Amino acid sequence: MSMPCRLRPVLLLYVMVWPATAAELTGDIGLEARGFLHPPMQSVQHEAGLSLYAAPEFYTDWDDGRQRLVFAPFGRLDQHDDERSHIDLREFYWRKSFASAELAVGLRKVFWGVTESRHLVDIINQTDFVENLDTEDKLGQPMVSLRLVRDWGNLEFFLMPYFRERTFAGQEGRPRVRFVVDTDNPVYESGAETRHVDWALRWSHYIGDFDIGLAHFSGTARDPRLVPQFSSSGPPVLIPHYDQLDQTSIDLQATKGAWLWKLELATGEQLNKRFTAAVGGIEYTLYGIFDSAVDLGLIGEYQFDDRGSNVTPFQDDIALGGRLAFNDTQSSELLLVTGIDVDTRGRFTTIEGSRRFGQNWKGSIEVRFISNIAVGDLLADLRDDDYLELTFARYF
Amino acid sequence: MHPFPLTLKALLALVFLLPLASAAWAQVSPEEKGLQIASEADARDHGFGDTSSVLTMILRNRHGQEVTRQMRSRALEVTDDGDKSMIIFEDPADVKGTALLTYSHKEGDDDQWLYLPALKRVKRISSSNKSGPFMGSEFAYEDLSSQEIEKYQYKFLRNETIDGIDYFVIERYPVDKKSGYTRQVVWIDQAEYRVHKVDYFDRKESHLKTLVMDNYQLYLDKFWRPLHMEMVNHQTGKSTELSWSEYTFQNGYTDRDFDRNSLQKAR
């Protein structure tokens, strides 16, 4: 009787240690503090707030590394905003690799594109907009995807049977526009609503100094039109309208020494109207400025979009910025970008900085402010919501 | 017209010409001899196929404070061009899963892609930053990139015997104008053509850094690899140590293991 008892801890240890070579838990948890530089537009909103997030990621490989399961949930608890307190499955998929193909089933995140100031061709995932205005936080997209790897490039097919709605700040949340977005009553062009099956196809390759991607997407647009709706019982709300969209896009980067030339172009049909949008420009890096190890990257991009201002604020805009990489042991970085509306001269400025502390901690700072904004601009409602955000995160 | 005298003649010629040939070798210019030594060192590494290893990096500032970095590294030999390599960062935790893919070229800039796991983004990056520090260390990108013969011009300086070991001491001059160095002095042992020490001289001709490579191990009875390197910066007092472990050859890697897809799956 005593033998199995003594064996049990050994077996337990064996079970715990054995998968360690092929499985791993990583991720980060952090505390975020936001302070707004102006009093809120509405009295239910707040001057400052705290929030906590957790982004663990678990994966395991088997079948000689040919199969992988990824499980990456995300959760945030916000002091004030019920909409910002949310959980999501960023990734939860199974993938099998073949000699020159790859099949994946589940919720995934996919990034397409090359430019910095706007991610025009990046269309697979819905934006988790309560996380950040920069649209770089994404919700996991349910899909079946197949990638073929050939000498002439990669060809990828995506079948997406379920649509994810964009998240928006709630009643007490900031930054947000004057009226609350009613995420409970979205309007879909397609009768299938969230069950419309979207598909996409992408070819990507590199030829010498050029990286190129060609893609087509057909399905529910990720960017909703926000339509005001007046009600007798309370203040007006914004209803998200999700149109059907057919979009063909190209993304191109030429890497010529310290110069990066970038272009994203998209054209398609939305509400029976053809549209064209583009973003392109340069990034030039000055290495080791002032005889130091610091690199300065200069960014200049132009944005064009002939859709209405209720769809996008990037109709005729210039983005100028600089990125400092300190190349120190703490990986310190600082980015400053200003977007300027060519017509109205309105400006939207972002400062982002980060630095590692010790081996596993990271501190970051983010400042966003709007200046010179004209009344009636899509961003005008955000002019009181300039903020400074500090995040301290522990990685594991 | 008898074949016998001909053979005898040939034999005699051989006997007389051999010392002449070696005398001619002794009279080659220092530049030619430097190139010959570098070519021989390079030729001895031909056929390694592919490698995989774990790399630990210790960065030390002038006060002796240390931080440690860990990464995995893979390389694939490419016969008619520079090699392909992938570095996957493991530690510190905030850069875990970040991976760097390099196609080095004998001439011109290398091709480089960086994978950023948080955004799932593969970014083509400029490789023209030769002299910049790698991961905040004392190693510049050009110190760690594939050391193709064509990347330098050479000059033999002298033979030197240290602790009973005979070395060739050669000088090499980077061809790339973006290099941070005017010249490097390299100590190569005469028995196995392994690099043991490099002195780096910056653009102002002052002695910037010294690299010492030791703990050489022999793999597959043919290929020598140093399992330890230390780079000391004489101007800042900082140093970086690199240690390799789990070195394996002949992993059966193909080009598919060094493309933009494998970059995203690497960790």
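Residues numbered from 1 in each chain as written. Chains lettered and ligands numbered in written order. Predicted model: local features only at pLDDT ≥ 70, side-chain atom pairs only at ≥ 80, totals over all residues.

Describing the overall build of chain A
Our working definition: Secondary structure elements are defined from DSSP: runs of H or I of at least 4 residues count as helices, runs of E of at least 2 residues count as strands, and each element is numbered from the N terminus. In this setup the radius of gyration rests on C-alpha atoms only. A globule is expected at 2.2 Å times the number of residues raised to 0.38. Put plainly, a residue is buried at 20 or more neighbouring C-beta atoms within 10 Å of its own, exposed at 12 or fewer, and partly exposed in between, counting only other residues' C-beta atoms, which are placed from the backbone. Whether two residues are in contact depends on their C-beta atoms, placed from the backbone: they are in contact if these lie within 7 Å.
Broken down by element type, chain A carries one helix and 21 strands. Against the compact-globule benchmark of 21 Å for 396 residues, chain A has a radius of gyration of 23 Å, which places it among compact chains. Here the C-alpha coordinates of chain A stretch approximately 80 × 60 × 50 Å along the principal axes. By the burial criterion, 31% of the 396 residues in chain A qualify as buried. The contacts in chain A between residues at least 6 apart in sequence include a share of 54% that link residues at least 24 apart.

With respect to the overall build of chain B
Summing up its helical and strand segments, chain B has four helices and 13 strands in all. In chain B, which comprises 267 residues, the share counted as buried stands at 31%. For chain B, long-range pairs separated by at least 24 residues make up 42% of all intrachain contacts whose partners lie at least 6 apart in sequence.

Description of the interface of chain A and chain B
For clarity, the cut-off: Any residue outside Ala, Val, Leu, Ile, Met, Phe, Trp, Tyr, Cys, Pro, Asp, Glu, Lys and Arg is labelled polar, Gly included; the first ten of those are nonpolar and the last four are charged.
On the side of chain B, 20 residues touch chain A, which itself brings 30 residues to the contact. Elements with a contribution of two residues or more to the side of chain A that touches chain B: strand 6 (141-150) and strand 13 (244-256) of chain A. Residues belonging to the side of chain A that touches chain B are distributed by class as follows: nine nonpolar, 13 polar and eight charged.

Overview of the nonpolar core
Let me state the cut-off plainly: The term nonpolar core refers to a group of buried residues, namely Ala, Val, Leu, Ile, Met, Phe, Trp, Tyr and Cys, whose C-beta atoms join them within 7 Å.
Residues Met86, Ile88, Ala99, Leu101, Ile170, Val186 and Ile188 of chain B are the most contacted members of the largest nonpolar core, which totals 42 residues. Top contributing element to this core by residue count: strand 9 (residues 181-189) of chain B, with four residues. Leave out the neighbours within four places in its chain, and Leu101 of chain B touches Met86, Gln112, Trp113, Phe258, Arg260 and Leu263 of chain B. Counting residues in hydrophobic clusters, the runner-up holds 18 residues, among them Ile123, Ile124, Met143 and Ala277 of chain A.

Some remarks on the sheet that holds strand 8 (residues 187-188) of chain A
All names here are of chain A. Where we set the bar: When DSSP finds two or more bridges between two strands, those strands count as paired.
Pairing is mixed across the open sheet formed by three strands, whose spatial order is 8-12-11. Only two strands of the sheet have a single partner each, and these edge strands are strand 8 and strand 11 (225-229). Bridge count for strand 11 against strand 12 (residues 237-242) is five bridges, and the pairing is antiparallel. Opposite Arg225, over in strand 12, you have His241 as the bridge partner.

Quick look at the environment of Leu159 of chain A
All names here are of chain A. The topology assignment puts Leu159 in strand 7 (residues 153-160). Given 15 C-beta atoms within 10 Å, Leu159 falls into the partly exposed group. Along the backbone, Leu159 and Ser218 are 59 residues apart, and their C-alpha atoms lie at a distance of 10 Å. Once residues within four sequence positions are removed from consideration, Leu159 is found in contact with Met143, Val144, Val197 and Trp199.

Quick notes on the confidence of the model for chain B
As a reminder, the rule being used: Confidence of the predictor at the level of single residues is captured by pLDDT, which takes values from 0 to 100.
The pLDDT averaged across chain B works out to 89; a share of 90% of its residues lies at or above 70. In the predicted assembly, ipTM is 0.89 and pTM is 0.88.

Structural notes on unusual backbone geometry
The amide bond that connects Arg174 of chain A to the next residue, Pro175 of chain A, takes the cis arrangement and shows omega of -5 degrees. Relative to the helices and strands, Pro175 of chain A is located in the loop between strand 7 and strand 8. Positive phi is not limited to glycine here, since Arg345 of chain A has a value of about 65 degrees. Note on Arg345 of chain A: 11 C-beta atoms within 10 Å, which makes it exposed. Although it is not a glycine, Gln250 of chain B adopts a positive phi angle of roughly 50 degrees.

Brief notes about the environment of Asp189 of chain B
With respect to the secondary-structure elements, Asp189 of chain B resides in strand 9. Taking the number of C-beta atoms within 10 Å as the measure of exposure, Asp189 of chain B has 17 and is therefore partly exposed.

Here's the deal with the pairing of strand 1 (residues 23-36) of chain A
Residue and element names in this part refer to chain A. Direction of pairing for strand 1 relative to strand 2 (residues 48-62): antiparallel, over a ladder of 13 bridges. By the bridge assignment, Glu32 is partnered in strand 2 with Ser51. Across nine bridges, the pairing between strand 1 and strand 21 (residues 387-395) is antiparallel. By the bridge assignment for strand 21, Gly35 is matched with Leu388.

Examining helix 2 (residues 30-43) of chain B
Count 3.6 residues to each turn of an α-helix, and residues three or four apart come out pointing the same way. All names here are of chain B. Counted only if it meets this: A helix is expected to span 1.5 Å for every residue after the first. Along the arc lie the directions from the helix axis toward the C-beta atoms.
If you check helix 2, its first and last C-alpha atoms are 20 Å apart, about what 14 residues at 1.5 Å a residue would give, namely 20 Å. For helix 2, every residue scored as buried is listed here: Gly34, Leu35, Ala38 and Ala41. Buried residues of helix 2, seen end-on, are gathered within an arc of 125 degrees and therefore sit on one face of the element. In helix 2, the exposed residues that point more than 90 degrees away from the buried face are Glu40 and Ala43. Looking at the packing, one finds that the buried side of helix 2 touches strand 7 (152-162), strand 8 (165-174) and strand 9.

Some thoughts on the pairing of strand 5 (residues 111-116) of chain B
Consecutive side chains of a regular strand alternate in pointing toward one face of the sheet and then the other. All names here are of chain B. Judged from the five bridges that link them, strand 4 (residues 99-103) and strand 5 form a sheet pairing that is antiparallel. Residue pairing for strand 5: Leu101 is matched across the bridge by Trp113. Pairing analysis gives five bridges linking strand 5 to strand 6 (residues 121-125), with the strands arranged antiparallel. Following the sheet pairing, Leu116 is matched in strand 6 by Arg121. Counting the residues that bridge the hairpin from strand 5 to strand 6 gives four residues, and of these Lys120 lies at a positive phi of roughly 55 degrees.

Section: the environment of Asp137 of chain A
Residue and element names in this part refer to chain A. Tracing the sequence through the fold places Asp137 in the loop between strand 5 (101-108) and strand 6. Exposure remark for Asp137: the 20 C-beta atoms within 10 Å place this residue in the buried category. For Asp137 and Gln126, which are eleven residues apart along the polypeptide, the C-alpha to C-alpha distance reads 8.7 Å.

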